[in-house]
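Here is what each chain is made of, one letter per residue.
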Amino acid sequence: MSLPATHKALVVVEPGKVAVKEQPLPKYGDDELLVNVKAVALNPTDWKHIDNLLKPGQSIGCDFAGDVAAVGSNAQSKGFSVGDPVAGFIRGGFVVHDNGAFQEYVAALPENIWHKPASLPYEDAAPMGGIALSTAVHAIHGTLNFPYESTDPQPILIWSGATGVGMYAIKIASLAGLKVVTTASEKNWELVKSLGADAVFDYKDPQVVQKIQQWAQSSGHGPLRAALDTISEHGSTNLCVEAVGQGGRVITLLPPPKEFDSKGAEVKTILVYTTLKPKNADDHRKMAEWYKKIPSYIESGKLYKGIVPLKVFHGFDQLPEAIDYVRQGKVSAQKLVVTLK
Ligand SMILES: NC(=O)c1ccc[n+]([C@@H]2O[C@H](COP(=O)([O-])OP(=O)(O)OC[C@H]3O[C@@H](n4cnc5c(N)ncnc54)[C@H](OP(=O)(O)O)[C@@H]3O)[C@@H](O)[C@H]2O)c1
């Protein structure tokens, strides 16, 4: 496959603003692959980086699905060839300034991507390879250390199960044999149940913690000792801590405030980007193990097209609109995807 000299890339032009530019392709290292991007998925981290972290000229975007366009000399033995359909995520523009997912070509390490089965459209693969599902796996299997196949159906609380991370976390936890209790707005209850939630309550209900604990006691699966707080804002971590009690474990996705009282629970904040770097050996190895498993999960029907509702935009010109949709907090029980081909 011959590579063009330049490609289209969405870049920051001033804090909070992006534009499409024609620029040279990112260099891929000897250990990396270059992927020709066909579809991308969006996450809140995209606008947070655009507004707060990236400087003008830096690329953006994390989640991608596409075809391998080139393989670095040291990556030849890693099981990927030019033309292979793949998916994955990077920390767009932050680590290497011209390397983001919201562009025609993106560079990534082979350990951070997986083979996309032909049955899965690129639109569905982009969010599945991306931050939301990877964060769910990093929390449940990588950090809480629940096995992929449990014979002990312990309960787990997925707080805010209609977030991007929450929807995939419900599915991943229930596939692992855990009993899932979640919270969501009532309009999303059927969806979270269809993903595998055993019980769901409204996070706005003042009695929500008591209802969760009553469910755990009456379900006969033992006391609730683990939670993934997928929102980690608006007091959600206090409620998770209350729900799991002293000695319970709570994973958060944003750090709790400084004066936070964990009330004897073990509260740990994770950052999915740690899984991308070989120097974070444990996180990196565990996530690479998942990327080897995910094709079989898709081929066996455990994960499938349409598992999470998608709102699909088309083309580079619609990327800023899609980013704004996430920035304005309009996302509810869906993943936003933009096709680039
Ligand atoms: N640390 C990490 O590595 C990491 C990784 C991924 C995400 N994150 C962060 O985690 C957060 C969630 O990301 P996401 O992409 O999963 O979210 P998202 O899909 O954008 O979240 C949308 C959902 O948030 C729920 N929500 C809104 N207000 C809420 C409240 N007060 N209490 C509980 N739920 C509420 C809504 O649920 P209903 O529709 O049911 O009301 C809505 O469906 C973001 O801050 C993101 O930056 C961090």
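Residues numbered from 1 in each chain as written. Predicted model: local features only at pLDDT ≥ 70, side-chain atom pairs only at ≥ 80, totals over all residues. Heavy atoms only, no water.

Novice: Where do I start with the nonpolar core in this structure?
Specialist: The nonpolar side chains of soluble globular proteins are, as a tendency, buried together. W114, M128, L133, I140, I156, W290 and L303 are the most contacted members of the largest nonpolar core, which has 57 residues in total. Looking at which domains feed residues into this core, each of domain 1 (6-129 + 275-339) and domain 2 (134-270) supplies at least three. Apart from residues lying up to four places away in sequence, M128 is in contact with W114, L120, L133, Y168, I294, I298, L303, Y304 and I307. By size, the runner-up hydrophobic cluster in this structure holds 33 residues, among which are V68, L319, V326 and L340. (Core = buried A, V, L, I, M, F, W, Y, C linked by side-chain atoms within 4.5 Å. Buried < 20%, exposed > 50% of the residue type's maximum accessible area, 1.4 Å probe, protein only. Domains from an automatic or database assignment. Contact = heavy atoms within 4.5 Å.)

Novice: Got a minute to help me understand unusual backbone geometry in this structure?
Specialist: Note: most residues except glycine have negative phi, and most peptide bonds are trans. Here the phi dihedral of N145 falls at roughly 60 degrees; this positive angle occurs in a residue that is not glycine. Looking at N145, the relative accessible area reads 48%, which means it is partly exposed. Phi is positive for S160, which is not a glycine, with a value near 65 degrees. Its place among the elements puts S160 in the loop between strand 8 (155-159) and helix 4 (164-175). (Helix = DSSP H or I, 4+ residues; strand = E, 2+ residues; numbered from the N terminus.)

Novice: I tried to follow the layout of surface pockets on my own but got confused; where do I start?
Specialist: Any empty space left between the atoms is revealed when a probe the size of a water molecule rolls over them. The volume enclosed by the largest pocket comes to roughly 1,300 Å³. Around the largest pocket, the lining is made up of 48 residues, and of these P44, K48, T163, T230 and I231 lie nearest the centre. Broken down by secondary-structure element, the contributors of at least two residues to the lining of the largest pocket are helix 1 (44-53), helix 3 (131-143), helix 4, helix 7 (236-244), helix 9 (319-327) and strand 15 (335-339). Here the lining of the largest pocket is built from residues that sort into 24 nonpolar, 17 polar and 7 charged. (1 Å grid on protein atoms, 1.4 Å probe; cavity = no way out; pocket = protein on both sides within 12 Å on 5 of 7 lines; lining within 4 Å. Points joined across faces, edges and corners; volume = space filled by probe spheres on them. Nonpolar A, V, L, I, M, F, W, Y, C, P; charged D, E, K, R; others polar.)

Novice: What is the right way to read the UniProt feature "domain: Enoyl reductase (ER)" (unreviewed entry) in the protein from this model?
Specialist: Under the present numbering, the feature "domain: Enoyl reductase (ER)" (unreviewed entry) in UniProt falls on residues 16-338. End-to-end, the C-alpha atoms of residues 16-338 are 19 Å apart, and along that stretch the chain is 31% helix and 22% strand. (UniProt positions renumbered as here; feature names shortened; annotations may be inferred.)

Novice: Is there a simple way to think about the pairing of strand 8 in this case?
Specialist: Within a regular beta strand, the side chains point alternately toward one face of the sheet and then the other, so they alternate between its two faces. Counting buried residues along strand 8, 5 of its 5 residues qualify, which places the element largely inside the surrounding structure. The alternating pattern of strand 8 places P155, L157 and W159 on one face and I156 and I158 on the opposite face, and all of these are buried. Pairing analysis gives 4 bridges linking strand 8 to strand 9 (residues 179-183), with the strands arranged parallel. Considered in strand 9, the bridge of P155 is made with K179. Taken together, strand 8, helix 4 and strand 9 form a β-α-β motif whose crossover is right-handed. (Pairing = 2+ DSSP bridges. Right-handed = clockwise from strand over helix to strand, strands pointing away.)

Novice: How should the site of the ligand be read in this particular structure?
Specialist: With respect to spatial proximity, 24 residues lie near the ligand, and among them S160, S185, Y203, V272 and S332 are the closest. A distance of 2.5 Å separates an oxygen atom of the ligand from a polar side-chain atom of Y203. At 2.8 Å from a nitrogen atom of the ligand is found a main-chain nitrogen or oxygen belonging to L253. Protein chains bury 84% of the 940 Å² of accessible surface belonging to the ligand in isolation. When each cavity is represented as a set of grid points, the ligand is found to reside in the largest pocket. For the shell around the ligand, a count of residues per class yields 14 nonpolar, 9 polar and 1 charged. The two domains that each donate at least three residues to the shell around the ligand are domain 1 (6-129 + 275-339) and domain 2 (134-270). (Near = heavy atom within 4 Å. Polar contact = N/O pair within 3.5 Å; in protein donor to acceptor, adjacent residues only side chain to side chain. Areas by Shrake-Rupley, 256 points an atom, 1.4 Å probe, with all protein chains shown as cover. Sits in = over half its atoms within 2 Å of the grid points.)

Novice: What am I meant to see in the side chain of D202 here?
Specialist: Looking at the element boundaries, D202 is found in the loop between strand 10 (199-201) and helix 6 (208-219). By relative accessible area, which is 17% here, D202 ends up buried. Among the polar contacts listed, one links the side chain of D202 to the backbone nitrogen of K204, at a separation of 2.9 Å.

Novice: Can you walk me through the sheet that holds strand 11 (residues 226-229) in this structure?
Specialist: Two pairing modes exist for strands in a sheet, parallel and antiparallel, and in both the strands are linked by backbone hydrogen bonds. If you walk across this open sheet you meet the 6 strands as 10-9-8-11-12-13, and the pairing is parallel. Edge strands, defined here as strands with exactly one partner in the open sheet, are strand 10 and strand 13 (266-269). Each strand of the sheet is rotated relative to its neighbour by a mean of 20 degrees, with strand direction disregarded. Note: strand 11 against strand 12 (residues 249-252), 4 bridges, orientation parallel. Within strand 12, the position partnered with A227 by the bridge is V250. With respect to the sheet, helix 6 is in contact with strand 8, strand 9 and strand 10, its orientation differing from that of strand 9 by roughly 170 degrees. (Axes fitted to C-alpha atoms, helices over the stretch in contact; angles between N-to-C directions.)

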